[in-house]
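As a plain string of letters, each chain reads:
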Amino acid sequence: MKSILEYATNVVENVSRLNGHTSADFQILAAAKHVTIPWAQPIARMYGDGMYSIADMVPALAQHDRKEREYAFASWYERMVSGAPGASFWGDTGMIGLYHAAADVNNGFVESLGSKVKAAFLDLCIKQAVPMEVAYAFHRTFDVALAVMQECYMTALLDGAAQIGINDRLLSRIRVVQIRKTIEEARSSLPVIEWSDSLSTNVTEVDVQHRKLIDIINALRAAGPKGGEAMRRIMKELTDYTVFHFGFEEKMLSDNGYPEYPEHKRAHDKLVAQVGQLNNEVQVGKASVTVDLFKFLRSWLNNHIRGTDRRYSSFLNGKGIH
Ligand SMILES: [Fe+2]
Ligand SMILES: [Fe+2]
């Protein structure tokens, strides 16, 4: 890492552009410092409570005296709310991120404790009738500080990787290839698509059938990465059920004189052709249970239900069909 101050300042600039933090925040904080500096003790105690409630998850904490940690936090907090934190403040904040990385303090814990600190500060502002703009200024500045800590944490890990001989090209390859693979693997442990009310068409029987389609697609995933016989069977079921469901919808729409029927029918025909072709490939062993297949099925179902199907809801509801 070049200069931590330079690095942290760069993070501050980027995050500030997003969350609106400027040096004006420090002026606002400075004007209220006679009230907010004395809050350092209660807020630090609360921070200590939170931190040591997770001590069993962070072994490194056991080596530190709690009072010392609270004191360090309080002085960092005082610098910030004084409105004149000094030229090295962001660099020192970045150092906290490096310590976190060394001690394996999970960034999620940092974020959660940060939320508690911000809530406590807001609470005190309300109780002591401190203007809300002080709370906003504190929140923006504190969020920038959290971003600095987290970015430095990540850089420390990547720098560590570089130290053991992983060069820049390899690092960017890891990002592109390995992390993408990790994302795919992680995704494969989740349902492909889950029913939620946002998918409802307000027509009970249609919702029942859509749920069934979702169940079949999730069952296909559960058939395992190897696929095999179970996959062929479920893929065939998906194809048959799709044809059945589309037929049901088409009859309902044409019986009721739905004006967009021709477009809807065309959309169905296209999807039936697609799912039919996929089924053929699966049956002859050309396609396997891949991420691409599920990506296709998810967007297929999502887009059709959310887009095309929901357009007929109000029309059918108007005809008394629910
Ligand atoms: Fe449908
Ligand atoms: Fe449809």
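These figures come from a predicted structure and were not determined experimentally.

Caption draft 1: Molecular detail of the overall build of the protein chain. Along the backbone of the protein chain there are 15 helices and zero strands. Relative to the globule expectation of 20 Å for 322 residues, the C-alpha radius of gyration of the protein chain, 28 Å, shows a markedly less compact shape. The principal-axis extent of the C-alpha atoms belonging to the protein chain is close to 75 × 55 × 35 Å. Put simply, the protein chain has 322 residues, and 25% of those count as buried. Sequence separation of at least 24 residues holds for 79% of the intrachain contacts in the protein chain that already meet a minimum separation of 6.

Caption draft 2: Structural context of the domain arrangement of the protein chain. Each domain of the protein chain was delimited in the assignment, giving domain 1 (4-166) and domain 2 (189-318). For domain 1 versus domain 2, the separation of C-alpha centres amounts to 48 Å.

Caption draft 3: Expanded view of the nonpolar core. Core analysis: the biggest nonpolar cluster contains 38 residues, and Ile 43, Tyr 77, Phe 138 and Val 148 have the highest contact counts within it. Secondary structure elements with two or more residues in this core: helix H1 (4-19), helix H4 (40-53), helix H6 (66-82), helix H7 (89-103), helix H8 (107-127) and helix H9 (132-163). The greatest single-element share of this core, amounting to 13 residues, is contributed by H9. Once you skip the residues sitting within four places of it in the chain, Tyr 77 turns out to touch Ala 40, Ile 43 and Ala 44. Formed by 16 residues, the second largest nonpolar core is a distinct cluster that contains Leu 213, Ile 214, Leu 220 and Leu 293.

Caption draft 4: Seen up close, the packing of H7 against H9. Across the interface, H7 lies against H9 with an axial gap of 7 Å and an inter-helix angle of 50°. What the angle tells us is that H7 and H9 run oblique. In this structure, the crossing between H7 and H9 has a hand that is right-handed. Residues Trp 90, Thr 93, Gly 94, Ile 96, Gly 97, Leu 98, His 100 and Ala 101 of H7 pack against Ala 145, Val 148, Met 149, Gln 150, Glu 151, Cys 152, Tyr 153, Ala 156 and Leu 157 of H9.

Caption draft 5: Representation of the confidence of the model for the protein chain in the model. Residues at a pLDDT of 70 or more form 96% of the protein chain, whose mean pLDDT is 89. For the protein chain, helix H5 (residues 59-62) is the element with the lowest average pLDDT, namely 71, and helix H2 (residues 23-31) is the one with the highest, namely 97.

Caption draft 6: Focus on helix H11 (residues 204-222). Helix length check: H11 (19 residues) gives 27 Å between terminal C-alpha atoms against 27 Å at 1.5 Å per residue, within 8%. Of the positions making up H11, those classed as buried are Val 206, His 210, Leu 213, Ile 214, Ile 217, Leu 220 and Arg 221. All buried residues of H11 fall inside an arc of 115° around its axis, so they share one side. Turned more than 90 degrees off the buried face of H11, the exposed positions are Thr 204, Val 208 and Ala 222.

Caption draft 7: Layout of unusual backbone geometry. Unusually for a residue other than glycine, Ala 129 sits at a positive phi of about 50°. Here Ala 129 is to be found in the loop between H8 and H9. One non-glycine residue, Asn 202, adopts positive backbone phi at about 70°. By the element assignment, Asn 202 lies in the loop between helix H10 (168-188) and H11. Given 14 C-beta atoms within 10 Å, Asn 202 falls into the partly exposed group.

Caption draft 8: A look at H1. Given a rise of 1.5 Å per residue, 16 residues ought to cover 22 Å, and the 22 Å separating the end C-alpha atoms of H1 matches this to within 8%. Residues Ile 4, Ala 8, Val 11 and Val 12 constitute the buried set of H1. The arc enclosing the buried residues of H1, seen along the axis, measures out at 105°, which places them on a common side. Facing away from the buried side of H1 by over 90 degrees, the exposed positions are Glu 6, Glu 13, Asn 14 and Arg 17. Those residues of H1 that are buried are in contact with H7 and H9. Positive phi shows up at Gly 20, right after H1, with a value of about 85°.

About the criteria used
- Residues numbered from 1 in each chain as written.
- Chains lettered and ligands numbered in written order.
- Predicted model: local features only at pLDDT ≥ 70, side-chain atom pairs only at ≥ 80, totals over all residues.
- Helix = DSSP H or I, 4+ residues; strand = E, 2+ residues; numbered from the N terminus.
- Rg over C-alpha atoms; globule rule 2.2 N^0.38 Å.
- Buried ≥ 20, exposed ≤ 12 C-beta atoms within 10 Å, placed from the backbone.
- Contact = placed C-beta atoms within 7 Å.
- Domains from an automatic or database assignment.
- Core = buried A, V, L, I, M, F, W, Y, C linked by C-beta atoms within 7 Å.
- Axes fitted to C-alpha atoms, helices over the stretch in contact; angles between N-to-C directions.
- Parallel < 35°, antiparallel > 145°, perpendicular 65-115°, else oblique.
- Left-handed = near helix turned anticlockwise from the far one by under 90°.
- pLDDT = per-residue confidence, 0-100.
- Expected span 1.5 Å × (residues − 1).
- Arc of directions from axis to C-beta.

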